[in-house]
Structures are given as structure tokens and as C-alpha cells.
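Below are the chains, spelled out letter by letter.
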Amino acid sequence: MFQLCVCGEPLKCNEAPTPEPAGTEVLLKVLAAGVCHSDLHIADGWFDLGGGKRLSLAERGMKLPVTLGHENIGKVVAIGPDAKGVQIGARMLAHPWIGCSTCGACRRGEENLCRAMKSLGVFSNGGYADYMIVPHPRYLFEIGDLPPERAAPLACSGVTTFGALKKVPTLATEPTVIVGAGGLGLMCLDLHQKMGGHSAIIIDVDPAKREAAREGGAAHVVDGGASDAAQQIVDLTQGGAWAVIDLVGSSQSARVGYDSLIKGGKYIIVGLYGGDLTVSLPPIPMRALTIQGSYVGSIPEMAELMDLVRRTGPPHVPVATRPLDDVNAVMEQLRAGRVIGRVVLTP
Ligand SMILES: [Zn+2]
Ligand SMILES: [Zn+2]
């Protein structure tokens, strides 16, 4: 298993005996584990809050060493005595956004908003390993005929963009602007279509990623680095965007996204690149703007997403597979911005 032992250093390959599932736990043999951009932040141990400030994951309860990997598909190989409703041999997606299960947020089905999260691959051991423990069968979703490497990204990239798209009231009637055409952006674009979205305008600073977005079905693509990027969106949407989903979340992307809103528009921020945004206050009420954060997804959203994928097929996001042993090299590739779509590790 590849563990983060010291923040800022490469993951280390540690050996440990295969865990035995106790209580409601389920043991999976990992079949596929997607490498996500947030693995880089987790490995660094901090997020950039802008203005030289940092948010430390250690202060948020991350304890080392921890096995990373939160986009996991596995085969059930052992079941704890109290784990009901799972069959040995079933191929499952492990929903990683696990809460305390007792607080108000958890009880109303929003474990992703729990204040004491135990997310797999962040706060508890994840899937960059041969085996992993999932604490309860309620976090497991059958993948049916889906190839594991195509299903893995649904656990983070999929449910995160699905959760953001669900927050767009004008999805079917107006263009949706999506900032970022990396793995998350292409997933968002595909799910937007599967959910019956009107049309999508994709913004990215990288021409190769804009081309991938065009091939993925974007109605328009805009260079996010252009000085008039916000104005281009205002023109393309005939007056401004009703909804912008910002999958980058940098000072620059936030400026472009927020500045391109129409009266009544909604800026939904998902990406964790880091930075800050200064906004004038009177236009927020006068133009009835919404700034909303969206963090991963809930268990009901994951269930809904799996239903959607069963009906409409796996997302058309380019997926490359690499052996688990290459995890550090893949993370460096991702850091350098050289990944189109998703890289999924297979043990
Ligand atoms: Zn992720
Ligand atoms: Zn909770």
C-alpha cells in the first residue's frame, strides 16, 4: 500500500497484513483506484487560502501515515459479522465521503457535510493498496457491467460534478458554464449531457484541454487566460451566465466566473486550487447573485448518479490505466498538468 507518511514527500510503499473486517466492515480487493487532483493537496498537507494563508489538513484531523486513494472499485472478499446485504465476489464502488453517522448532517443523509469526516483515502485508509476496508455496506454501490477503471472516477470526480450540476436550477433551459476541462471538467460535461443539460460553455487556459472539451460536446470553448474571458461568456450567453460551475477554484478562475454572471446568476465553486476573491457587496443583493460552495456528494446523490450511469452508460472521459507502483509518477504528471482525462491505478 502507498501511504502518505510525511506531507510534501512522495508516497511510501509500506507492507501490512491484509486487514480482517470486524463488525459492519467489508474487505475489498482493490480493482481500480483513480488518481484525483485533490490527492496532490492531500499529499502536500495544505490548501492555499490566498493572501499567504494556508488551511492545514493536520489541523482538520488528518493523521499520518494514511493510504491515499479515494476513487475506488473493489471486489468483496470478506464481510464482517454484522455487515448485511453484500455478497462475496460483488464488484463495488466505495463511496469515500464518510461522516460520523450520528450528527444532524449525517442523519439527514448529508455525510459529506459532517464536521468529523472520516473520508476514505483522506482521513482513513484508501485504495492505493491491494486491499481496503469499507466501514459499512451502505457506502458500497454495485457497478454491474461497468469496467472498474471507468467506474472508479465516479466516486469523486463523478459525484462531485453531479452534486454541483444538481445545484443548477437552469440546467435544462440555459447554457451552463463550466470552468476547467481536466478530468473533473470532462466528467462534468458528460454528466451535464446525461442529465439533459441545455448546452455547455467550457473555459480552460490550456488549448489541448479546450480541444478535449470540444470533442466531448461543449457548445463553445473559451480561453480562460484571455483578458476578455468574462466578456466572451457574457456575449455567448446573451447577457451573462445563469450558472457557472468553477472546477478550478483559483483567484483567476473565480474572477472570470463571478464576473460573467447575469442578474440572478449563480457561481458554484468546486475546485480547490486555492486563492481568494474580492467582491463588491451591493451588487450581490441588487443583482440577486448567489455564491455557493459544493463539496463532493452525498450518499443519495451517489445512488442517483449510479442509476443515471446504469441507464446511460459510463461517462465518456478518457481513462488511462497504470500499475499501482507508478502512483508517484502519475501524481507528478498530474501536478505538471499533463493528464487529459483520468489516470486509474490497477494493483
Ligand atoms: Zn477527488
Ligand atoms: Zn456526522
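Above this note sits the structure.
Counting from 1, residues in each chain are numbered in the order their sequence is written. Chains and ligands are labelled by the order in which they are written, letters from A for the one and numbers from 1 for the other. Local features in this predicted model are restricted to residues whose pLDDT is 70 or higher, and side-chain atom pairs enter the listing and the counts only when it is 80 or higher, whereas totals over whole chains, interfaces and linings include all residues. With hydrogens and water excluded, all non-hydrogen atoms of the structure serve as input to the side-chain values.

Draft legend 1. Representation of helix α7 (residues 229-236) in the model. Exposed residues in this analysis have more than 50% of their type's maximum accessible area, buried residues have under 20%, and partly exposed residues fall in between, with area computed by a 1.4 Å probe over protein chains only. Secondary structure counts use DSSP, requiring at least four H or I residues in a row for a helix and at least two E residues in a row for a strand, with both numbered from the N terminus. Among all positions of α7, only Ala229, Ala230, Ile233 and Val234 are buried. One face of α7 carries all of its buried residues, which in axial projection span an arc of 145°. Here a residue-residue contact requires only that any non-hydrogen atoms of the pair lie within 4.5 Å. The inward-facing, buried residues of α7 contact β11 (175-179), β12 (199-204), β13 (220-223), β14 (241-246) and α8 (251-259). Each C-beta atom gives one direction from the helix axis, and the arc is the one those directions make.

Draft legend 2. The coordination of the zinc ion (ligand 1), seen in detail. Atoms of type N, O and S within 2.8 Å of a metal are treated as its donors, and for Na, K and Ca the window is 3.2 Å; water is not considered, so some sites may appear to be missing partners. Only Cys36 (SG), His70 (NE2) and Cys156 (SG) from the protein coordinate the zinc ion (ligand 1), and they sit 2.0 to 2.2 Å from it. For the zinc ion (ligand 1), the single-chain donor residues occur in sequence as C-x33-H-x85-C. Here the residue His70 occupies a position in the loop between β6 (66-67) and β7 (71-79), and Cys156 occupies one in the loop between α3 (148-151) and α4 (157-165), the gap between them amounting to 86 residues. Classification of His70 as buried rests on a relative accessible area of 0%.

Draft legend 3. Representation of the sheet that holds strand β1 (residues 2-4) in the model. In this analysis, strands are considered paired if DSSP registers two or more bridges between them. Strands sit in the order β2-β1-β6 across an open sheet of three strands; the sheet is antiparallel. The open sheet is flanked by β2 (12-13) and β6, the only strands paired with a single partner. Relative to β6, β1 runs antiparallel, the two being bridged by two bridges. Bridging from a neighbouring strand, Leu4 pairs with Val66 of β6.

Draft legend 4. Main features of empty space enclosed by the protein. Cavities and pockets are defined on a 1 Å grid built over the protein atoms alone: a cavity is a set of grid points where a 1.4 Å probe fits but cannot escape, while a pocket is an open set with protein on both sides within 12 Å along at least five of seven lines, and lining residues are those with an atom within 4 Å of any such point. Grid points are joined across faces, edges and corners, and a volume is the space filled by probe spheres set on the points. Scanning the model with the defined rule gives one cavity of 30 Å³ or more in all. In this structure, the largest cavity occupies an estimated 30 Å³ of space. Along its surface, the largest cavity is lined by Arg150, Pro153, Met187, Pro315, Val317 and Val319. Put simply, Ala, Val, Leu, Ile, Met, Phe, Trp, Tyr, Cys and Pro go in the nonpolar bin, Asp, Glu, Lys and Arg in the charged bin, and everything else, Gly too, in the polar bin. Here the lining of the largest cavity is built from residues that sort into five nonpolar, no polar and one charged.

Draft legend 5. Expanded view of the coordination of the zinc ion (ligand 2). Surrounding the zinc ion (ligand 2) are the protein donor atoms Cys100 (SG), Cys103 (SG), Cys106 (SG) and Cys114 (SG), at 2.3 to 2.4 Å. Metal sites are grouped by the angles between bound donors: all angles between 85 and 135 degrees with four donors is tetrahedral, opposite donors over 155 degrees apart with the others between 65 and 115 is square planar for four donors and octahedral for six, and any other pattern is irregular. Taken together, the four donor atoms surrounding the zinc ion (ligand 2) define angles of 104 to 116° at the centre, an arrangement classified as tetrahedral. Sequence positions of the donors to the zinc ion (ligand 2) reduce to the motif C-x2-C-x2-C-x7-C. In terms of burial, Cys106 and Cys114 fall into one category: buried.

Draft legend 6. Quick look at the layout of surface pockets. Estimates place the volume of the second largest pocket at around 480 Å³. Looking at the lining of the second largest pocket, the element that brings in the most residues is strand β9 (residues 131-134), giving three residues. Taken together, the residues that form the lining of the second largest pocket break down as 13 nonpolar, ten polar and four charged.

Draft legend 7. Inspection of a nonpolar patch on the surface at higher detail. A cluster of nonpolar side chains, Leu113, Leu272 and Tyr295, forms an exposed patch at the surface whose accessible area comes to about 270 Å². Within the secondary structure, Leu113 sits in the loop between α2 (104-107) and β9. Only residues whose relative accessible area exceeds 30% and that form no salt bridge are eligible for patches; like-charged ones are grouped when within 9 Å, while nonpolar side chains (Val, Leu, Ile, Met, Phe, Trp, Tyr) are grouped when within 5 Å. Accessibility throughout is a Shrake-Rupley quantity obtained with a 1.4 Å probe, and a residue counts as covered only by protein chains that appear here. By salt bridge we mean one thing: a side-chain nitrogen of Lys or Arg within 4 Å of a carboxyl oxygen of Asp or Glu.

Draft legend 8. Broad picture of the sheet that holds strand β16 (residues 290-293). Strand order in the open sheet made by the six strands is β13-β12-β11-β14-β15-β16, with parallel pairing throughout. Sheet topology places β13 and β16 at the edges, where each strand pairs with a single neighbour. Each strand of the sheet is rotated relative to its neighbour by a mean of 20°, with strand direction disregarded. Bridge count between strand β15 (residues 261-269) and β16: four bridges; the pairing is parallel. Bridge pairing in β16 places Ile268 opposite Gln292. Inter-axis angles, ranging from 0 to 180 degrees, are taken between N-to-C directions of lines fitted to C-alpha atoms, where helices are fitted over the stretch in contact.

Draft legend 9. Expanded view of the side chain of Arg342. With respect to the element layout, Arg342 can be found in strand β18 (residues 342-346). Separated by 2.7 Å, the side chains of Arg342 and Glu71 make a polar contact. Throughout this description, a polar contact denotes any pair of N or O atoms lying within 3.5 Å of each other; where both atoms belong to protein, one of them has to be capable of donating a hydrogen while the other can accept it, and for residues adjacent in sequence the pair is counted only when both atoms sit in side chains.

Draft legend 10. Spatial organisation of the pattern of salt bridges. Following the criterion strictly, the structure yields twelve salt bridges and no others. Ionic pairing is found between Arg342 and Glu71, a salt bridge with its closest N-O pair at 2.7 Å. Here Arg342 is found in strand β18, whereas its partner Glu71 is found in strand β7, with 271 residues between them in sequence. Per residue, the accessibility class of Arg342 equals that of Glu71, and both read buried. Residues joined in a network through salt bridges with shared partners are Asp44, Glu332 and Arg335.

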